[in-house]
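# Geometric and topological summary
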Amino acid sequence: MDEPRCCDLYQCYNIPHSFRIANHDFEVIIQDYVELNGEYVYGTFSSPKQQILVATKIKTEEGQINLTDECIRNSFYHELFHVFNYFWNTDADEGLAQTFANFMREFEITRK
């Protein structure tokens, strides 16, 4: 198993352990793999469990891939925007979540 890039992955990626949205407490779990319906994915959120899961690795037909730091951070924001969208209209629009995740990462990287 690869050594973690830093001791506290939450601090390393600037991702919270938990947060509150719409008066619901969510837990964020960073783990090696996230599986959804038998497939490995970058992340997922569950409104009933009030959880966001974010992967650091993904399995493909070619084998295991360690995700880049940017991919992990972007995946967190992608899932966070699913949470926002869920509490707005209970929909899970992939395009909207990815667009806003990209905007957040660009904002974080370029702010002065």
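### Description of the pattern of salt bridges
In the structure shown here, the tally under the stated rule is three salt bridges. Between Glu70 and Arg105 there is a salt bridge; the shortest N-O distance is 2.7 Å. On the criterion of sequence distance, the pair formed by Glu70 in helix 2 (residues 69-89) and Arg105 in helix 3 (residues 94-110) is long-range, its members being 35 residues apart. Between Glu108 and Arg105 there is a salt bridge, with the nearest N and O atoms lying 2.4 Å from each other. Of this pair, Glu108 and Arg105 are both found in helix 3, three residues apart, which corresponds to roughly one turn of the helix. A network of salt bridges, in which partner residues are shared, links Glu70, Arg105 and Glu108.

### Description of the sheet that holds strand 5 (residues 43-46)
The strand order across the open sheet formed by four strands is 1-2-6-5, and the pairing between neighbours is mixed. Whereas interior strands pair on both sides, the edge strands pair on one side only; in this sheet they are strand 1 (18-21) and strand 5. Between one strand axis and the next, the sheet turns through 20 degrees on average, direction left out of account. Sheet topology places strand 5 next to strand 6 (residues 51-55); four bridges connect them, and they run antiparallel. The partner of Thr44 across the bridge, within strand 6, is Leu53. Running over the sheet, helix 2 touches strand 1, strand 2 (24-31), strand 5 and strand 6 and is turned about 155 degrees from strand 6.

### Thoughts on the packing of aromatic side chains
Scanning the entire structure with this criterion turns up nine aromatic pairs. An aromatic cluster of at least three residues, connected via ring pairs, comprises Phe19, Phe26, Phe45, Tyr86 and Phe87. Above the face of the Tyr33 ring, Lys59 is positioned so that its terminal group lies 4.7 Å from the ring centre.

### Brief notes about the environment of Ile65
Mapped onto the fold, Ile65 is located in strand 8 (residues 63-66). Excluding anything up to four places from it in sequence, Ile65 contacts Thr56, Lys57, Ile58 and Thr60.

### Some remarks on the pairing of strand 5
The alternating pattern of strand 5 places Gly43 and Phe45 on one face and Thr44 and Ser46 on the opposite face, and all of these are buried. Linking two consecutive strands that pair antiparallel, namely strand 5 and strand 6, is a turn of four residues; a positive phi of about 50 degrees is found at Gln50 within it.

### Focus on the packing of helix 2 against helix 3
At a minimum axis separation of 8 Å, helix 2 and helix 3 run at an interaxial angle of 125 degrees. By the angle class used here, helix 2 and helix 3 are oblique. Crossing handedness for the pair helix 2 and helix 3: right-handed. Listed contacts from helix 3 to Glu70, Arg73, Asn74, Tyr77, His78, Phe81, His82 and Asn85 of helix 2 are Glu94, Leu96, Ala97, Gln98, Phe100, Ala101, Asn102, Met104, Arg105, Glu108 and Ile109. A per-class count over the contact of helix 2 with helix 3 returns eight nonpolar, six polar and five charged.

Rules used in this analysis
- Just so you know, the residues in each chain are numbered from 1, in the order the chain's sequence is written.
- The model is predicted, so local features are restricted to residues of pLDDT at least 70 and side-chain atom pairs to those at 80 or more, both for listing and for counting; the totals for chains, interfaces and linings are taken over all residues.
- Side-chain numbers come from the whole structure's heavy atoms, not from hydrogens or water.
- The salt bridge criterion pairs a side-chain nitrogen of Lys or Arg with a carboxyl oxygen of Asp or Glu, the two atoms within 4 Å.
- Every helix listed is a DSSP run of H or I at least four residues long, and every strand listed is a run of E at least two residues long, numbered separately from the N terminus.
- In this description, strands pair whenever DSSP reports at least two bridges between them.
- The axes are straight lines fitted to the C-alpha atoms, using for helices just the contacting stretch, and the angles between their N-to-C directions are given from 0 to 180°.
- Only heavy atoms enter the contact rule, under which two residues are in contact if any of them lie within 4.5 Å.
- Aromatic pairing here means that ring centres of Phe, Tyr or Trp (its six-membered ring) are within 6.5 Å. Orientation follows from the plane angle: under 30 degrees is stacked, over 60 is edge-to-face, and everything else is tilted.
- For a ring to carry a charge above it, either NZ of a lysine or CZ of an arginine must fall within 6 Å of the ring centroid while also lying within 35 degrees of the normal to the ring plane.
- We call a residue buried when its accessible area falls under 20% of the maximum for its residue type, exposed when it is over 50%, and partly exposed in between, using a 1.4 Å probe and counting protein chains only.
- If an angle is under 35 degrees, it is roughly parallel; if it is over 145, roughly antiparallel; if it lies from 65 to 115, roughly perpendicular; otherwise it is oblique.
- Handedness of each helix crossing follows the sense of rotation of the near helix against the far helix: counterclockwise by less than a right angle gives left-handed, clockwise gives right-handed.
- Three classes are used, and their members are as follows: Ala, Val, Leu, Ile, Met, Phe, Trp, Tyr, Cys and Pro are nonpolar, Asp, Glu, Lys and Arg are charged, and the others, Gly among them, are polar.

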